Amino acid sequence: MITLKNKNKYEKYIQIRLWAMLALVVMTACEPQESDDYSLGVLGTISLEEITYTKATTERSGNEIVFTNTVNTKVPYSFVWDLGNGVTSKSKTVTGQYPEKGDYTATLTVYTADGDAVSKVIPLHFDKDDFSLLDIPLYNNLTGGASAANGKTWVFDRYNNFTKEVAEAVGKYESPKPTIVGDDIKGHIGLGPVGTYAQNWWGAGADEKNKWTMYDMKFTFIQAGLQLKIETEGKGYGRWAIANGKPGAVQEGEDTSFDYAGGSYNFALDDSGVFPQLTLTGDAFLGYYCGTQTYDIIYQTDEVMALRVLNTTENQDWVFIYCREDLNVGEPPIVKTPKVIPLTENFEKDEILNFIAQDMGDKSGVVDNPAPVPVNESNKVYRYQKSDSYYSNLSFTTKDYTFDLTTQNKIRMKVFVPSYNDYTTVANVAGEWITINQLQKQIVVKLQNSDMGDNAWETQAEITKKDLATDKWLEIEFDFSDVKDRQDFDRIVIQFGAEGHAAPGIFFFDDFSFKE
């Protein structure tokens, strides 16, 4: 509990806070888009006298005020509260907290269809500090409390250590909180339809965005002065549809990266709604920008918090999960040792090997044999659809060992190359280093070291079988005995049609084996 005995301790805090309030007022005053989500329809005007409201202190504190919009008019309008403490809201009733004594200015702004905006200014004065308004779990969990002079540092829950905890908690919410299906919280970053507060559409797997420097971002919240310090590696990330105008913005599909050095900001918390809201000043955002600096806190403890952002531009809900910096740890690395373990797959029943498709066409999968004749009369085979992506492939990676190639070094399979594919049309290529620009009657098998990630190709071993006969099953062997001394391979990659070009095609294979 913070008492008046701490007054000297917080004199600097008060000065910083007053500057923070000024910054927040400037920020919100420059955002007329607050009315964008309201269909105003018929033209009409509202006079200053018609803008009415009520305000009342709460039982908790004389420095906590409940504001209610009581405008009564037949003219369609939208409105926004600016409470002068960093909180803005479109709710009819909103609660403002003012821990420090002094003068504040709240504003109720009404927007009408004729483009007019009328604001009623509400002066406020508080004779005494009441820092007890900050001594609550909402602030203490976020900042570490008044005793944490350096605040608390948060980062993305990179390894999804807390995803299950968040999912279980939000899945138990009852009215008036929105119904959130816990199974739809999938990762530390994800999105879903507006109003779901979840990640129905996609959630990032553990460490999935390691190509970005987003995981290096740090967000430190300090209670004294309600400060936020953001550290970056010089880059920010977000939605291309929203952030394409930011300095240095580069499109990466629906994402964008842009120049962003972080900095020092302020924040405000509002716990008057169904979910508490966190609002940031300046150009601050928490790692991935979706068009707003206001976040719903849908789950919070002293170790983890989940924030929902409403992306009105693309009609999406985004949910982000953060954890304390010291808790952001991955699983201990698996030390793989060479083993001789035969691998086989005939696709007749449940698949034995977990082949992972990358940039494959949607017709890929187990299907009926297109030509059940010798040398392959089996019922089921795998249909491989190379898409117009440059690097379509299938791969299998071991979980806990590498391949001992001293005796087990031959991969065999049956393949079928249809003549109906287009092998003549010239296609786009990934770059000038690609010399093949047409679909090829070939198959490549590669052995790779998965620890090298996207650079695995640099040390891979590969064997190519070219100019294959069409419309017949062929038995093919890939002999890797030349690299039998290598002990780092743990991945097999299968690639039909050649890589680096955008020509699509259909191929089939069956009776895969990797044996002595």
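Just above sits the structure.
(A) Structural detail: the side chain of Arg-158. Of note, Arg-158 is situated in the loop between strand S8 (152-156) and helix H3 (163-170). Looking at Arg-158, its side chain comes within polar contact range of the side chain of Asp-207, at 2.5 Å. Excluding its chain neighbours within four sequence positions, the residues that come into contact with Arg-158 are His-188, Gly-205, Ala-206, Asp-207, Asn-210, Tyr-215 and Asn-328.

(B) Molecular detail of the packing of aromatic side chains. The final tally for this structure, using the stated rule, is 35 aromatic pairs. Ring geometry for Tyr-98 and Phe-126: centres 5.0 Å apart, planes at 20°, overall stacked. Of this pair, Tyr-98 sits in the loop between strand S5 (93-97) and strand S6 (102-112) while Phe-126 sits in strand S7 (residues 117-126); the two residues are 28 residues apart in sequence, bridging distant segments of the chain. Considering the side-chain rings of Phe-347 and Phe-509, the 5.4 Å spacing of their centres and the 85° angle between planes classify their relative orientation as edge-to-face. Of this pair, Phe-347 sits in the loop between strand S23 (343-345) and strand S24 (356-358) while Phe-509 is found in strand S34 (residues 505-515), placing the two residues 162 residues apart along the sequence. Relative accessible area serves as the criterion here: at 1%, Phe-347 is assigned to the buried category. Aromatic rings pair up to connect Phe-347, Phe-355, Tyr-382, Tyr-384, Phe-396, Phe-496, Phe-507, Phe-509 and Phe-512 into one cluster. One residue, Lys-465, lies across the ring of Phe-478, its end atom 5.9 Å from the ring centre.

(C) Inspection of the side chain of Ser-513 at higher detail. Relative to the helices and strands, Ser-513 is located in strand S34. Setting aside its immediate chain neighbours within four residues, Ser-513 contacts Leu-343, Thr-344, Lys-410, Ile-411 and Arg-412.

(D) Molecular detail of the pattern of salt bridges. The tally for this structure, following the rule as stated, stands at 20 salt bridges. A salt bridge links Glu-314 to Arg-239, with the nearest nitrogen and oxygen atoms 2.9 Å apart. Residue Glu-314 is located in the loop between strand S20 (304-311) and strand S21 (316-324), and its partner Arg-239 is located in strand S13 (residues 235-239); the two are separated by 75 residues in the primary sequence. Arg-308 is paired through a salt bridge with Asp-317; the nearest N and O atoms lie 3.0 Å apart. Given the relative accessible area of 7%, Arg-308 is considered buried.

(E) Broad picture of the pairing of S8. Counted residue by residue, S8 has five buried out of five residues, so it is predominantly covered. In the sheet, S8 pairs with strand S11 (residues 218-222) via three bridges, with the strands oriented antiparallel. Paired with Thr-153 across the bridge in S11 is Thr-220. Summarising the sheet, S8 and S21 pair through three bridges and their orientation is antiparallel. Each bridged residue has a counterpart across the sheet, and for Trp-154 the counterpart in S21 is Arg-324.

Calculation notes
Residues numbered from 1 in each chain as written. Predicted model: local features only at pLDDT ≥ 70, side-chain atom pairs only at ≥ 80, totals over all residues. Heavy atoms only, no water. Helix = DSSP H or I, 4+ residues; strand = E, 2+ residues; numbered from the N terminus. Polar contact = N/O pair within 3.5 Å; in protein donor to acceptor, adjacent residues only side chain to side chain. Contact = heavy atoms within 4.5 Å. Phe/Tyr/Trp six-rings, centres within 6.5 Å; stacked < 30°, edge-to-face > 60°. Buried < 20%, exposed > 50% of the residue type's maximum accessible area, 1.4 Å probe, protein only. Lys NZ or Arg CZ within 6 Å of the ring centre and 35° of its normal. Salt bridge = Lys/Arg side-chain N within 4 Å of Asp/Glu carboxyl O. Pairing = 2+ DSSP bridges.

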